[in-house]
Structure formats: structure tokens, C-alpha cells
Amino acid sequence: MPTDLPTSPSRTPDRTTRTTPRRTHDDAPDTAVLFARLAGLDDGPERDALRDELVAAWLPMAHRIAGRFRDRGESVEDLRQVAALGLVKAVDRYDPSRGAFESYAVPTITGEVKRHFRDRMWALRVPRRVQELRNRVRVARRELVEHPGSPEPTPTAIAAHTGLTEDEVTAGLEALESFSTLSLDAELATGEDGYSLADTLGQSDGSYDVVVDREAAKEGLRRLPERERAILYMRFFEDMTQSRIADRLGISQMHVSRLISRSCARVRAEAMGRSV
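Residues numbered from 1 in each chain as written. Predicted model: local features only at pLDDT ≥ 70, side-chain atom pairs only at ≥ 80, totals over all residues. Heavy atoms only, no water.

S.K.: What is the right way to look at the packing of aromatic side chains in this model?
M.R.: With the rule as written, the count across this model stands at seven aromatic pairs. Here the aromatic residues Phe35, Trp58, Tyr94, Phe101 and Tyr104 are joined through ring pairs into a cluster of three or more. (Phe/Tyr/Trp six-rings, centres within 6.5 Å; stacked < 30°, edge-to-face > 60°.)

S.K.: How should I be thinking about helix H4 (residues 101–120) in this particular structure?
M.R.: Owing to its 3.6 residues per turn, the α-helix aligns residues three or four sequence positions apart on the same side. Compared with an ideal rise of 1.5 Å per residue, which puts 20 residues at 28 Å, H4 spans 28 Å between its outermost C-alpha atoms and is within 8% of the ideal. All of the buried residues in H4 are Phe101, Glu102, Ala105, Val106, Thr108, Ile109, Thr110, Gly111, Glu112, Val113, His116 and Phe117. (Helix = DSSP H or I, 4+ residues; strand = E, 2+ residues; numbered from the N terminus. Expected span 1.5 Å × (residues − 1). Buried < 20%, exposed > 50% of the residue type's maximum accessible area, 1.4 Å probe, protein only.)

S.K.: Would you mind showing me how to read the packing of helix H8 (residues 206–222) against helix H11 (residues 253–271) here?
M.R.: What describes two packed helices is the angle between their axes and the distance between those same axes. At a minimum axis distance of 8 Å, the contact between H8 and H11 shows a crossing angle of 125°. Considered as vectors, H8 and H11 are oriented oblique to each other. Between H8 and H11 lies a crossing whose hand is right-handed. Residues Ala216, Ala217, Glu219, Gly220 and Leu221 of H8 touch H11, and the partners they reach there are Val267, Glu270 and Ala271. Within the contact of H8 with H11, the residues separate by chemical class into five nonpolar, one polar and two charged. (Axes fitted to C-alpha atoms, helices over the stretch in contact; angles between N-to-C directions. Parallel < 35°, antiparallel > 145°, perpendicular 65-115°, else oblique. Left-handed = near helix turned anticlockwise from the far one by under 90°. Contact = heavy atoms within 4.5 Å. Nonpolar A, V, L, I, M, F, W, Y, C, P; charged D, E, K, R; others polar.)

S.K.: How do you make sense of the side chain of Thr110 when you look at a structure like this?
M.R.: By the element assignment, Thr110 lies in helix H4. Once residues lying within four places of it in the same chain are set aside, the contact partners of Thr110 are Ile65, Arg68 and Phe69.

S.K.: What exactly am I supposed to notice about the pattern of salt bridges here?
M.R.: Side chains bearing opposite charge may pair, as long as their charged atoms lie close to each other. One pass over the structure, following the stated rule, counts 13 salt bridges. Here Glu46 ties to Arg37 by a salt bridge, and the two come within 3.9 Å at their closest N and O atoms. Classification of Glu46 as exposed rests on a relative accessible area of 51%. Look at Arg37 and you get partly exposed, because its relative accessible area is 43%. In this structure, Arg98 engages Asp95 in a salt bridge whose closest nitrogen and oxygen atoms are separated by 3.7 Å. Through salt bridges with shared partners, a single network forms among Glu219, Arg222, Arg223, Arg266 and Glu270. (Salt bridge = Lys/Arg side-chain N within 4 Å of Asp/Glu carboxyl O.)

S.K.: How should I be thinking about the environment of Leu224 in this particular structure?
M.R.: Along the chain, the position of Leu224 falls in the loop between H8 and helix H9 (226–236). Residue Leu224 is classed as buried on the basis of its relative accessible area of 2%. For the pair Leu224 and Arg266, spaced 42 residues apart in sequence, the C-alpha to C-alpha distance is 8.5 Å.

S.K.: Honestly, the side chain of His116 in this entry has me stumped. Any pointers?
M.R.: Structurally, the position occupied by His116 is in helix H4. Here His116 falls in the buried class, since its relative accessible area comes to 15%. Of the polar contacts made by the side chain of His116, one reaches the side chain of Glu74; its length is 2.7 Å. (Polar contact = N/O pair within 3.5 Å; in protein donor to acceptor, adjacent residues only side chain to side chain.)

S.K.: What should I look at first to understand the nonpolar core in this one?
M.R.: Membership of the largest hydrophobic core comes to 26 residues, with the highest contact counts inside it found for Phe35, Leu87, Val91, Phe101 and Ile109. Listing elements by their share of this core, those giving two or more residues are helix H1 (32–39), helix H2 (45–67), helix H3 (76–93) and H4. Considering each element in turn, this core owes the most residues, eight residues, to H2. Beyond its immediate chain neighbours, meaning those up to four positions away, Ile109 contacts Met61, Ala62, Ile65, Ala83, Gly86 and Leu87. In terms of nonpolar packing, the next biggest core, distinct from the first, is built from twelve residues, Ile231, Ile245, Val256 and Val267 among them. (Core = buried A, V, L, I, M, F, W, Y, C linked by side-chain atoms within 4.5 Å.)

S.K.: It is not clear to me how the packing of helix H10 (residues 242–249) against H11 should be interpreted in this structure. Could you clarify?
M.R.: As a packed pair, H10 and H11 sit with axes 8 Å apart at the nearest point and diverge in direction by 105°. In this view, H10 runs roughly perpendicular relative to H11, as classed from their interaxial angle. Along its contact with H10, which presents Gln242, Ser243, Ile245 and Ala246, the element H11 presents Gln253, Val256, Ser257 and Ile260. Among the residues forming the contact of H10 with H11, the class breakdown is four nonpolar, four polar and no charged.

Here it is, written out as C-alpha cells:
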């Protein structure tokens, strides 16, 4: 009986012949050839159609990136639109000679979404410096309380952790609470005695203007002749008509009218700092 049996081929894989490397995500299609074609095309219908094809191919990745920012006060659909805009910018600016598209597109799309939150999501426009302080304070607070049982960090502790001044930390903390606004009709208390935010706001008091006017007119009134002061008192404080004033003083109504006009013009001019 023959003893030499054929041996089976070795099943040890050949490490020198590897297949195409696996992509990081399922939504990262292999579009290297398409991007190479796009780079060689001039503006026109063919380039536009290829560009749209690339955007559609990578759109699932843009949606995945948008999903990282859910539950931050913006709807998922709006976030997807912003991410899609970032994707379009990435496709237009990508240079195939500088590496894989995904490594360029991910930070581009992420930056577009972050800019959306920075520039569009604040109810009131906040200076960029204050926004940056807010982000540094937010990160510092999270780092300082990451251990269970850690107390809420004080502004002093946050300042020491970040290298900011306490005034800068205070500004950042205030910005943390200022991302959204309340309606003036928002109810601030419960029950029958509830009141709105508008009820707590002050308003201009016209009486202050009256006080200022009276103080400004005092000196001018003191310098009027006694009879003219008496006429003004009877007319404006006792509410007497010009005819009654004329009868009391034994002069004509026309003369009373001229004296009132002249006296008022003089007091007004002195109150306004003009010479008469």
C-alpha cells in the first residue's frame, strides 16, 4: 500500500496579499475615482452632476455627524441641513492629492455645525469672546465634577483650573444661563398670585421730567417782576381766566395775555440757557 499521500495546501494566510483596508464607517463610500474625475473637469453640467453624485454618496456620513449634536436645542432636521451644507463645502474644496476625503470632510462638517450653534442659536447676540469663555467654563465645570461626590466648583476653583480671572469666569457662568431667553409673558410664580416677567420690569416715570422742568424754571421765575409772578400764579396755579386776572388787576385782557407770553418766553429762555 502506498504510503506517500498528497499533502493538502497550507491554509496559513499570505500576509503579503491583503485586501483593501476596511473603512472606518459603513457610510464612508469608496469614491476616490469619482473625486479624481471631478478634479479634472471644468465647470459645466457634467461636473455638476458628478458633484451631486458625490454629495449624495456621502450624505449619510453628514447625517451621522449631525446626530452627535442632538438634544442641544436644535431639531435634527435643521442639524442635518447644516451638516449637508458643510458636506457641499467639503466636496467643493477637497484636494484628492492630500489624503482621504473622510479625513477632510469630518472636521469640515463638524466645524459647520459648531458654527451654527455659535452664530445662530443664541437668542441674543453674544460677543465671541464671551462665547469662548462660556465654553472654557463649561468644560472646566465638567472636569471638576467628573468624580462622584465632587462638590459644585466655585468661581475661584474654576479660575484656578482654567487660568482665567474670576471676572472672566463670572462672565462665562452668566453666558451659560443666557443661551435662551424668556418671554416677557412668562409666569414667574404659581398659584393665583402668579405674575409675569414684564411685571417685574420698571418703566419711565413722567413725573421725573416735571421735577427737572420745575427746578430749571425756578431761577427764572424768581427774577420776574412781582406783578408778572402774580399773573403766572393766578393763571397756572389758581386756574383763573385772563379776563378774571384783568379785572382783579385793573388792566385789559390783552395786556394780561402779552405779560403771560413775555414772562413764559423769558423763563423758558433762561431755563434753556439762552439770553433774553
